[in-house]
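Fold and geometry: a report
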Amino acid sequence: MKKKRVQFLLFVYNKTQKLYRTYFKKKRRQWQFTEKQLLEFQEDSLGRKLGEFYKKHGFTMIPKMENHDVHHLITGCGTNFEDEIAMQFLLLGNGKLNAHLLAAIVLGSIILPEYYKIYIKAYKKGQNMRPFHQWDFEALLWQNFEHLKDFIQQENTTVLY
């Protein structure tokens, strides 16, 4: 039964992805690198880790959605459907809010409710991370991946003067 539910979610995702890129990402431009070029970055860089991610999973870059793949690396969220939904909860906790994200959360919660505890845990994790959902990760491809990941995963603390 879960297989059918996931197939339905995949169907919805495939039908809405292009609309999301067209209407929610119209100001964003496609990255100027290919998967192969990312593999030429320095070994410990974000760019190299992203290239290895694409190679490992057999993925190709989707124009204007490259940051989404970086989010997988930074958060440690997997790529199966329940992990994709958990990442949307994490991004909501991190401050991201748009109709596509809310639709994914609502639909995912209804269709895969058995993962609700994981979703709530992801939301709380996102709240405790530095806000990163609006970062331009293309400009950070040369940065050390572990340092960047550690910086983002540090709890976002308020400084009182």
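Parameters at a glance
- Residues numbered from 1 in each chain as written.
- Predicted model: local features only at pLDDT ≥ 70, side-chain atom pairs only at ≥ 80, totals over all residues.
- Heavy atoms only, no water.
- Axes fitted to C-alpha atoms, helices over the stretch in contact; angles between N-to-C directions.
- Helix = DSSP H or I, 4+ residues; strand = E, 2+ residues; numbered from the N terminus.
- Parallel < 35°, antiparallel > 145°, perpendicular 65-115°, else oblique.
- Contact = heavy atoms within 4.5 Å.
- Buried < 20%, exposed > 50% of the residue type's maximum accessible area, 1.4 Å probe, protein only.
- Left-handed = near helix turned anticlockwise from the far one by under 90°.
- Nonpolar A, V, L, I, M, F, W, Y, C, P; charged D, E, K, R; others polar.
- Phe/Tyr/Trp six-rings, centres within 6.5 Å; stacked < 30°, edge-to-face > 60°.

1. Observations concerning the packing of helix α3 (residues 46-57) against helix α4 (residues 66-75)
Running from N to C, α3 and α4 point in directions that differ by 95 degrees, and their axes come no closer than 10 Å. Here α3 is positioned roughly perpendicular relative to α4, judged by the angle of their axes. Counted together, Leu46, Lys49, Leu50, Phe53 and Tyr54 of α3 and Glu66, Asp69, Val70, His72 and Leu73 of α4 form the full contact between these two elements.

2. Focus on the environment of Leu141
Considering the arrangement of structural elements, one finds Leu141 in the loop between α7 (116-127) and α8 (145-153). On the basis of relative accessibility, which here comes to 0%, the residue Leu141 falls in the buried class. It is 29 Å that separates the C-alpha atoms of Leu141 and Ile118, two residues lying 23 residues apart in sequence. Apart from residues lying up to four places away in sequence, Leu141 is in contact with Trp31, Phe33, Leu38, Phe41, Ser45, Leu46, Gly47 and Leu50.

3. Looking at the packing of helix α5 (residues 81-93) against helix α6 (residues 99-111)
Direction vectors running N to C along α5 and α6 enclose 130 degrees, while the axes themselves pass 9 Å from each other. The angle between α5 and α6 falls in the class oblique. In this structure, the crossing between α5 and α6 has a hand that is left-handed. For the pair α5 and α6, the contacting residues are Ile85, Gln88, Phe89, Leu91 and Leu92 in the first and Leu101, Leu102, Ala104, Ile105, Gly108 and Ser109 in the second. Classifying every residue of the contact of α5 with α6 gives eight nonpolar, three polar and no charged.

4. What to know about the packing of aromatic side chains
According to the stated counting rule, one finds eight aromatic pairs in the structure shown. Pairing Phe53 with Tyr54 gives two aromatic rings, centres 5.9 Å apart and planes at 65 degrees, and the pair type is edge-to-face. Owing to a relative accessible area of 8%, Phe53 belongs among the buried residues under this scheme. You can call Tyr54 buried: its relative accessible area is 2%. For the ring pair Phe53 and Phe59, a centre distance of 5.8 Å and an interplane angle of 65 degrees mean the geometry is edge-to-face. Looking at Phe59, the relative accessible area reads 33%, which means it is partly exposed. An aromatic cluster is present here, built from Phe33, Phe41 and Trp142 joined pairwise through their rings.

Everything listed is a geometric property; what it means functionally is a separate question.
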